[in-house]
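Commentary on secondary and tertiary structure
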Amino acid sequence: MTAENFIKTLIETALPDYAKNITEGNGKSLMDFLQSESVEKPSAFISYEGWGETDAYSDGSQTFDDENYSIFLRTDGNVKVEGRMLKNALLAVNSEYEDDNGEMKTVQFLSGKTFRDFGADAFEIMVIIK
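Since we're looking at a predicted model, the values are computed, not measured. Along every chain, residues carry numbers that run from 1 in the direction the sequence is written. Given that the model is predicted, a residue must reach a pLDDT of at least 70 before its local features are reported, and side-chain atom pairs must reach 80 or more before they are shown or counted; all residues, however, enter totals for whole chains, interfaces and linings. Hydrogen atoms and water are omitted, and side-chain values are computed over all heavy atoms in the structure.

A word on the overall build of the protein
Every helix listed is a DSSP run of H or I at least four residues long, and every strand listed is a run of E at least two residues long, numbered separately from the N terminus. Counting its regular elements, the protein contains three helices and six strands. For the protein, the succession of helices and strands along the chain, N to C, is α-β-α-β-β-α-β-β-β. Considering the protein as a whole, with its 130 residues, one finds that 39% of them fall into the buried category. Considering only contacts within the protein whose residues lie at least 6 apart along the sequence, 51% involve residues at least 24 apart. Here the Shrake-Rupley method, with its probe set to 1.4 Å, supplies the accessible areas, and only the displayed protein chains count as covering residues. By element, 47% of the accessible surface of the protein is carried by carbon and sulfur atoms, the whole surface being about 7300 Å². Relative accessible area decides the class of each residue, using a 1.4 Å probe on protein chains only: under 20% of the type maximum gives buried, over 50% gives exposed, and in between gives partly exposed. Here a residue-residue contact requires only that any non-hydrogen atoms of the pair lie within 4.5 Å.

A word on the side chain of Ser70
As for its placement among the helices and strands, Ser70 is situated in strand E3 (residues 65–75). For Ser70, a relative accessible area of 2% puts it in the buried group. Of note is the side chain of Ser70, whose polar atom sits 3.5 Å from the side chain of Glu49. Not counting residues up to four positions away in its chain, the partners in contact with Ser70 are Phe45, Ile46, Ser47, Glu49, Glu124, Ile125 and Met126. Polar contacts, as counted here, are pairs of nitrogen or oxygen atoms within 3.5 Å of one another; within protein the pair requires one atom able to donate a hydrogen and one able to accept it, and residues that are adjacent in sequence qualify only if both atoms are side-chain atoms.

What to know about helix H3 (residues 79–92)
Take the number of residues in a helix, subtract one, and multiply by 1.5 Å to get its expected span. If you check H3, its first and last C-alpha atoms are 20 Å apart, about what 14 residues at 1.5 Å a residue would give, namely 20 Å. For H3, the full list of buried residues reads Val79, Glu82, Gly83, Leu86, Ala89 and Leu90. For H3, the arc enclosing every buried residue in end-on projection is 120 degrees, short of the 170-degree limit, so these residues lie on one face. Opposite the buried face of H3, at more than 90 degrees from it, the exposed residues are Lys80, Leu91 and Ala92. Between the side-chain oxygen of the N-cap and the backbone nitrogen of Lys80 there are 2.9 Å, and the N-cap of H3 in question is Asn78. Phi turns positive, to about 55 degrees, at Asn94, one or two residues after H3. Arc, as used here, means the arc of the directions from the helix axis to the C-beta atoms.

Observations regarding the pattern of salt bridges
Salt bridges are defined by distance alone: a side-chain nitrogen of Lys or Arg within 4 Å of a carboxyl oxygen of Asp or Glu. Enumeration according to the criterion identifies one salt bridge in this entry. Close ionic contact of Asp99 with Lys105 constitutes a salt bridge, the shortest N to O distance being 4.0 Å. Of the two residues, Asp99 and Lys105, neither departs from the other in class, the shared state being buried.

Quick word on the nonpolar core
As used here, the term nonpolar core means buried Ala, Val, Leu, Ile, Met, Phe, Trp, Tyr and Cys residues forming a set that is joined through side-chain atoms within 4.5 Å. Ranked by internal contacts, the top residues of the largest apolar core, which has 25 residues, are Ile11, Ile71, Leu86 and Phe109. Here this core gets six residues from one element, more than from any other, and that element is helix H1 (residues 3–14).

What to know about unusual backbone geometry
Backbone geometry places Asn94, a non-glycine residue, at a positive phi of 55 degrees. A positive phi angle, close to 60 degrees, is found at Ser95, a residue other than glycine. Residue position: Ser95 is located in the loop between H3 and strand E4 (96–98).

A short note on the confidence of the model for the protein
Per-residue confidence for the protein gives a mean pLDDT of 85, with 83% of residues at or over 70. Each residue carries a pLDDT score, the predictor's confidence in it, ranging from 0 to 100. Predicted confidence in the protein is weakest over helix H2 (residues 30–37), with a mean pLDDT of 67, and strongest over H1, with 95.

Quick look at the environment of Ser95
Residue Ser95 is classed as buried on the basis of its relative accessible area of 15%. C-alpha separation for the pair Ser95 and Phe109, spaced 14 residues apart in sequence, amounts to 9.2 Å. Not counting residues up to four positions away in its chain, the partners in contact with Ser95 are Leu90, Lys105, Thr106 and Val107.

Structure follows, in structure tokens:
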């Protein structure tokens, strides 16, 4: 399973109202999402943000490459509750999934921020996959 598919399935499981309006892309900001991707409410956008080294050592070795994502949600509902529901869905699968190469990947939600958008609530969750 790809990281994008895992995140999409997580959103569909935790927030079934979003299932019909989940899109993906690369490197979008919250404003890009609000202006071009979140035409309908509720909507979700999964943005690939790049990769980084998690642990690097003085001998030049490393233990993990991590993938960075953002999840953007937009709703008329309560994003505080919906953010918690998404976190609980991640905990229910022990924050892990098996990738296309048969390796177990760990998923962490690093932080979440709320925003207002012309009367609607928006939420950004920073995600790292190791």
